[in-house]
Amino acid sequence: MPRYTFKVRPGWEETPVSIADLGGTEIDLRFACPEEGSLQVVVAPVLRFADVGYNADVRITDLNKPENIISGFAPELFGRPLDDEDVLEQRVLEKEGVPYYEWQVKPHNLVSATAVGNRVFILNITPRSSRTFAKTGESLRRMQESFYVPADYKKLT
């Protein structure tokens, strides 16, 4: 499985993850900062979206449109389904040839997603409050933008 990376600001600490988490068993990692908010990484099988076989090397653009990906994971990420007006920003970008989808979802969640190999990787940052987002939104966005999954992960193992 590819090893994902991202940057966190000082004060963010890793927190325990349990298979009993309400967010589902696909939560791979959590970080939190009492003053700024929380972060989780979800790693889900591509087979949740497409019948591509176990050794597939799929990209997120092969699976679905950005609005369908975020809607499909909304209950796990936000605890509820999304309404059409909940997505404030959406963009598609590439990092070293790998496509990513990024969103800002009401009120201020920052989400980045990609697919490499046979997994979908999703980073979700939840600011503590609207006031926190107004104060630290740019640095939280840099954390979102730092999320990276290498395409050539098989060479790294």
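Details of the structure are given in the entry above.
As a starting point, this report considers the structure included with it. All values derive from a computational prediction rather than experimental measurement. (Residues numbered from 1 in each chain as written. Predicted model: local features only at pLDDT ≥ 70, side-chain atom pairs only at ≥ 80, totals over all residues. Heavy atoms only, no water.)

## Observations regarding the overall build of the protein chain
Line of reasoning, step 1. Scanning the protein chain from terminus to terminus reveals three helices and seven strands.
Line of reasoning, step 2. Of the regular secondary structure in the protein chain, the N- to C-terminal order runs β-β-β-α-α-β-β-β-β-α.
Line of reasoning, step 3. A compact globule built from 157 residues would reach a C-alpha radius of gyration of about 15 Å, and the protein chain, at 15 Å, matches this within 12%.
Line of reasoning, step 4. Principal axes of the C-alpha set define a box for the protein chain whose edges measure 45 × 35 × 35 Å.
Line of reasoning, step 5. In the protein chain, once contacts between residues fewer than 6 apart in sequence are set aside, the share between residues at least 24 apart is 56%.
Line of reasoning, step 6. Working note: accessible area of the protein chain is about 8,400 Å², and carbon and sulfur atoms make up 49% of it. (Helix = DSSP H or I, 4+ residues; strand = E, 2+ residues; numbered from the N terminus. Rg over C-alpha atoms; globule rule 2.2 N^0.38 Å. Contact = heavy atoms within 4.5 Å. Areas by Shrake-Rupley, 256 points an atom, 1.4 Å probe, with all protein chains shown as cover.)

## Some points on the side chain of Glu 26
Line of reasoning, step 1. Structurally, Glu 26 can be placed in the loop between β1 (13-15) and β2 (27-33).
Line of reasoning, step 2. Assessed through its relative accessible area of 19%, Glu 26 is described here as buried.
Line of reasoning, step 3. Setting aside chain neighbours within four positions, we find Glu 26 in contact with Val 41, Val 42, Val 43, Ala 44, Pro 45, Arg 48, Phe 73 and Glu 76. (Buried < 20%, exposed > 50% of the residue type's maximum accessible area, 1.4 Å probe, protein only.)

## Topic: the packing of aromatic side chains
Line of reasoning, step 1. On inspection of all chains with the given rule, the structure shows five aromatic pairs.
Line of reasoning, step 2. Taken together through their ring pairs, the aromatic side chains of Tyr 4, Phe 6, Phe 31, Phe 121 and Phe 147 make up a single cluster.
Line of reasoning, step 3. Just above the ring of Tyr 100 sits the side chain of Lys 95; from NZ or CZ to the centre is 4.5 Å. (Phe/Tyr/Trp six-rings, centres within 6.5 Å; stacked < 30°, edge-to-face > 60°. Lys NZ or Arg CZ within 6 Å of the ring centre and 35° of its normal.)

## Comments concerning helix α3 (residues 130-146)
Line of reasoning, step 1. Its maximal kink placed at Thr 136, α3 deviates by approximately 75 degrees.
Line of reasoning, step 2. Thr 132, Phe 133, Thr 136, Gly 137, Ser 139, Leu 140, Arg 141, Met 143, Gln 144 and Ser 146 are the residues of α3 that are buried.
Line of reasoning, step 3. Of the surrounding elements, those touching the buried residues of α3 are β3 (37-45), β4 (87-95), β5 (98-105), β6 (109-116) and β7 (119-127). (Bend = angle between axes of the 7 residues up to and from the residue.)

Function cannot be read off these values alone, since they describe shape.
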